[in-house]
Amino acid sequence: MAQGHHSHLSSPSVSVNRTITRPGSVEDQLLRPCPVSCSSMWRTALVILHLLVLGPLLGLSSEAMTPQNCSLKCILQGGPGCEYCRITPEDSRALGFRSSGLFGSCVPWPCFQLLGEQDPHICQHYVHAPNNVTLEFVHDPDPSSDTLVVSWRPSYYGIAFLRGFQVSLQALGGPGVACQLFLFHRNLSLSASDAQKVYKSDPFPSLPLGAQYAVTVMALPVPERWEKFYQSKIFSTRSCAEKNGLDRCKEDWYPTFVQVQQREHEVTVTFNLAPSRMGISSYFSWCYANGKKKYMTLVPDLSRNATHHSFQVKDLQEGANYTCEIAANEVDAVRKVFSFQTGSTNRDHPATRSVPGSLAVALPLAVLLAAIVVVLAVVVARRRRSTWKNVVATKPDIIRQHREHQAQEEVVSLASSRSSPPRLLICYSSCEGAAHVKAVMQLGAFIQQHMATQVCLDLWDTLSVAVEGSLAWHCRQIRDSSFIMVICSPGVSGRGAAEDERTEQESHLVIQLLREEVARAKAGGHDLSKYMTATFEYCDERDVPMELRLVPHYSLAADLPLLFSHLHGVALHRPGGYVKISHISEEGFTELPAGMALQRAIDEAAATQERHRPM
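I will try to describe carefully the structure that is included in this document.

Cut-off values and rules
Residues numbered from 1 in each chain as written. Predicted model: local features only at pLDDT ≥ 70, side-chain atom pairs only at ≥ 80, totals over all residues. Heavy atoms only, no water. Helix = DSSP H or I, 4+ residues; strand = E, 2+ residues; numbered from the N terminus. Buried < 20%, exposed > 50% of the residue type's maximum accessible area, 1.4 Å probe, protein only. Contact = heavy atoms within 4.5 Å. Areas by Shrake-Rupley, 256 points an atom, 1.4 Å probe, with all protein chains shown as cover. Expected span 1.5 Å × (residues − 1). Pairing = 2+ DSSP bridges. Axes fitted to C-alpha atoms, helices over the stretch in contact; angles between N-to-C directions. Phe/Tyr/Trp six-rings, centres within 6.5 Å; stacked < 30°, edge-to-face > 60°. Lys NZ or Arg CZ within 6 Å of the ring centre and 35° of its normal.

Points about the overall build of the chain
Across its full length, the chain holds 16 helices and 24 strands. When the 615 residues of the chain are sorted by exposure, 38% land in the buried category. If you take every contact in the chain between residues at least 6 apart in sequence, the share linking residues at least 24 apart comes to 66%. Accessible surface, the chain: about 36000 Å² in total, of which carbon and sulfur atoms supply 54%.

Shown next, in the form of C-alpha cells:
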C-alpha cells in the first residue's frame, strides 16, 4: 500500500558575516539584495510563518469528530449537522441497503451498495486505509469490565471519495463480534486538509478485564480492488489491578507484609489480610523442602484481628531450607513467596552432660588413638596430592575440557536468526462441533500469547475471509506462513459428519489442498518442516490422513515443548544441557490462565465427543 508523502521543512546551514547596517523598516530589510543562502533562509522562514498563521484557517488542526445522531432525511439530503453520523441496523434497512445481515456479521458495505446507484463511476476510485489508529479506555462504572473508544485519521489518498467508516471488535479465542457503522451525508466531500481530523467511534462497553481483542477500522466505500483498505490492532483490556487498584482485586491482591518467627521446630508466620470490601474469607499456604510439601488452608478469625493473621508451621525438618507461598484462596490469585531455614537443635548439649567415672581412664586412650589416626590421614593426603599434581602436569587438557563441560551444563544460549516471530497457520475441521472449534481457538490463543508465534486463524479474520472467500484466504495464508499445522480429527479424515454442508465442503477443500501440497513437496524432495499435524487427546492417529503422515506429528497438550522446538528451531536436548520452559511444559502450562483455558476446552471437547460416540 502506498504511503503518504511528508514534506520536511529544514533551514539550510549557512555562514553569514555579521556587519553593522543602517536601521530601517522590515520591508526595507526584505527588499534589500541578499546572497543566495540568505534568500533561501528567508524563504523558509516565510513558509513556516504562513503555515503557522494559515494552518488553523485551512483545517490543519487535529479536530476531533465524534459520532452524531442524524435523521435519515439529513443523511439522504445532506443537510447541516449530519457530517458524521452513527448508523444502527434499523437505519441501514431504512437507507435502502439490500441485506441487513451484512451489518450484523461485520462484512463491509461494497461501494455499489452505498453509492453505485447514484454514481457508478465513483466505485472505480480507491480509498486507502485509515492511519494512526489509537485505543483509549474511558470510564466504566463496572469494576469487572472496560469500555473502549477507538480513534483514527483518514488517509490522504482517495479522501474525496470517502463516505464513512466501519469499526469492528472481535474477541480472540471467542466468537464475539461487535460492529459500528458511520456515514457522511450524501453531499459531503472531504479535502486533503481533512486528513488531519481525528474521527472517533462510539464506546465499546462491557469488555471483560484481561481479555484479548482485535479491532479493525476500515474506510468506506470498500473499493472493487480488494486491497488493504483497513487497519487492525490486537490489544488486551486492562487487568483488575490496573483499573481498580491492587486493594480492590481478589485475583491480583497478595500479602505485602510477611513476618517469620522460629522457635525450635515450629515457625510462626504473620501476614496482612485483604481489605474487608474484597470479601476474601480464606487463604492458603504451602511450604516445600527436600521433596516434601506442607499445605494449609487458613481461615482467619476477623473478630479477633481484622488486619493480620498468624499461623504455625509444625513438624519441620532440621537444617532445611523452606520455600513457601501464601495467597488468597481465589482462582488465579497472585502468590507471595517467602523462605526461611530451620536450625539444628541438640537437646543433650555436651556441656550439660556429666562424665561417668568409668570413662576417666578411657579418655586418654581415646585421645591417643585419635592422634594416631590424624597422623596417618595426613600422610595419605600428602601422597595423594603428589599423585594428583603429576596427573595435572601430564594431562592439563583433561581438566580444561572438564571445566568447559561444566560451563555448558550451566548456560545454554538460545540463538535465533529470525528478525520477526514465526507465522503459524492453523487449519482444522468444524465437523466435530463448537466444543472442538473452541479448543482450536484456545490453542491458537495460547501459542500466540506464550510461544512467541504469530497465529493465523480464520476465526480471527472473518472480515478477510468474507471478502476473499475461504479458499482464497487459506491459499494466501499457506503461501505467506512460516509453518502450517493441521488439527486432525474425524472430520479431517472423512470419518465425521458436519451439520453445515457448506462449512464441511470448505474444510474438505482446504485439507485436500494441503494434502496435495505435502505430496508434491515429498515427490520433489523438498523440505517438509513447514507442515505438521496435531491431535488433541480425544482424537487418535487414525484421524491423520495418509499424505499428512509424512510430516511431524504432535499430541496436544503433552507435546507443547516439542512444538515450541519445531517453531523456533531450538534443540531441547544437547550434550551437557537441556532447555526447559516451565510455562509450556506438560505439567506447568495449566498454571497460566491461557493454559488453563486450553485444558478446560480440551476436556469439554473430550466430554462432548464421548457423549456423541455411538454405543
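There is more to say, and it comes next.
Points about helix α10 (residues 434–450)
Between its terminal C-alpha atoms α10 stretches 24 Å, which fits the 24 Å expected from 17 residues at 1.5 Å a residue. Counting buried positions along α10 gives twelve out of 17 residues, so the element sits mostly inside the fold. At the exit of α10 stands Ala452, carrying a positive phi of roughly 50 degrees.

Notes on the sheet that holds strand β12 (residues 266–272)
Reading across the sheet, the three strands line up as β11-β12-β15 and stay open at both edges, with antiparallel pairing between neighbours. The sheet terminates laterally at β11 (258–263) and β15 (308–313), the two strands that pair on one side only. Neighbour-to-neighbour, the strand axes of the sheet open up by a mean angle of 20 degrees, direction not taken into account. In terms of strand pairing, β11 meets β12 through six bridges, oriented antiparallel. Residue pairing across strands places Val260 opposite Val269, the latter belonging to β12.

Notes on the packing of aromatic side chains
Each pair of aromatic rings is reported with the distance of its centres and the angle of its planes. Following the criterion strictly, the structure yields 16 aromatic pairs and no others. On the numbers, 6.2 Å between centres and 50 degrees between planes, the contact of Tyr84 with Phe184 is tilted. Of this pair, Tyr84 sits in the loop between α3 (72–77) and β2 (85–87) while Phe184 sits in the loop between β6 (177–183) and β7 (198–200), and the two are 100 residues apart along the sequence. Residue Tyr84 shares its accessibility class with Phe184, and that shared class is buried. Between Phe271 and Tyr283, the ring centres sit 5.4 Å apart and the planes meet at 70 degrees, which makes this aromatic pair edge-to-face. Residue Phe271 is found in strand β12, and its partner Tyr283 is found in strand β13 (residues 283–289); the two are separated by twelve residues along the sequence. Judged by relative accessible area, Phe271 falls into the buried class, the value being 0%. Of note, Lys293 hangs over the ring of Trp286, and the distance from its end group to the ring centre comes to 4.6 Å.

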